[in-house]
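Inside the fold
Letter by letter, the chains look like this.
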Amino acid sequence: MEIKSDNPDHGFQFPGQFEITAVGPVDAALDIEVPKLLAAAGITVLPDTMSTRDSSGGKYVSVRLSFRAASREEYEAAHTALREHPQVKWTL
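Reading guide: rules and limits
- Residues numbered from 1 in each chain as written.
- Predicted model: local features only at pLDDT ≥ 70, side-chain atom pairs only at ≥ 80, totals over all residues.
- Heavy atoms only, no water.
- Helix = DSSP H or I, 4+ residues; strand = E, 2+ residues; numbered from the N terminus.
- Buried < 20%, exposed > 50% of the residue type's maximum accessible area, 1.4 Å probe, protein only.
- Arc of directions from axis to C-beta.
- Contact = heavy atoms within 4.5 Å.
- pLDDT = per-residue confidence, 0-100.
- Core = buried A, V, L, I, M, F, W, Y, C linked by side-chain atoms within 4.5 Å.

**Notes on the environment of Gly42**
- Positionally, Gly42 belongs in the loop between α1 (30–40) and β2 (44–45).
- For Gly42, a relative accessible area of 54% translates into the label exposed.
- Along the chain, Gly42 and Ala81 lie 39 residues apart, while their C-alpha atoms are 9.9 Å from each other.

Now the structure itself:
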């Protein structure tokens with residue numbers, strides 16, 4: 001289901017599909033942890049949307065994927081679930 005607004009100034013629209021990125025140390029296995037953390041928080045992760053990217057220095061990795069949120073609370077729950085993990089340094 002895709003919901004679009006006639007007015008691009010409306011900001012977030014719920015329910016909707018969103019992307020989230022978690023950044024942490026390259027050895028933290030975030031490509032495995034991020035989907036598990038989101039699923040444990042009751043967030044619907046969209047399969048086959050995950051991508052990873054190493055930092056230029058090779059010390060960090062970013063993991064990006066898409067998820068569905070029915071409300072602002074679910075959107076915030078996704079960020080909270082990732083930020084609570086000790087190896088996640090940032091979420092975007």
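**Let's talk about α1**
- Every buried residue belonging to α1 is among Leu30, Val34 and Leu38, and all of these are buried. The arc that holds the buried residues of α1, viewed along the axis, is 60°, so those residues lie on one side. Of the residues in α1, the exposed ones pointing more than 90 degrees away from the buried face are Lys36 and Ala40.
- For α1, the secondary structure elements touched by its buried residues are β1 (16–25), β2, β4 (60–69) and α2 (72–83).
- At the exit of α1 stands Gly42, carrying a positive phi of roughly 85°.

**Comments concerning the confidence of the model for the protein chain**
- Residue-level pLDDT values for the protein chain average 92, and 89% of them are 70 or greater.
- When pLDDT is averaged over each helix and strand of the protein chain, the minimum, 94, is found for strand β5 (residues 90–91) and the maximum, 98, for β4.

**Structural notes on unusual backbone geometry**
- A cis amide bond, omega -5°, links Phe14 with the succeeding residue Pro15.
- Looking at the secondary structure, you find Pro15 in the segment before β1.
- Residue Ala29 is not a glycine yet carries a positive backbone phi of 55°.
- As for its placement among the helices and strands, Ala29 is situated in the loop between β1 and α1.
- With phi around 65°, Asp48 is a residue other than glycine that occupies positive phi space.
- Secondary-structure assignment places Asp48 in the loop between β2 and β3 (51–54).
- On the accessibility criterion, Asp48 (84% relative accessible area) is exposed.

**As for the nonpolar core**
- Of all hydrophobic cores here, the largest spans 16 residues; its most connected members are Ile20, Leu30, Val34, Leu38, Phe67, Ala78 and Leu82.
- Only β1, α1, β4 and α2 provide two or more residues apiece to this core.
- The greatest single-element share of this core, amounting to four residues, is contributed by β4.
- Excluding residues within four positions of it along the chain, Phe67 makes contact with Gly16, Gln17, Phe18, Glu19, Ile20, Ile43, Thr44, Val45, Leu46, Tyr75 and Ala78.

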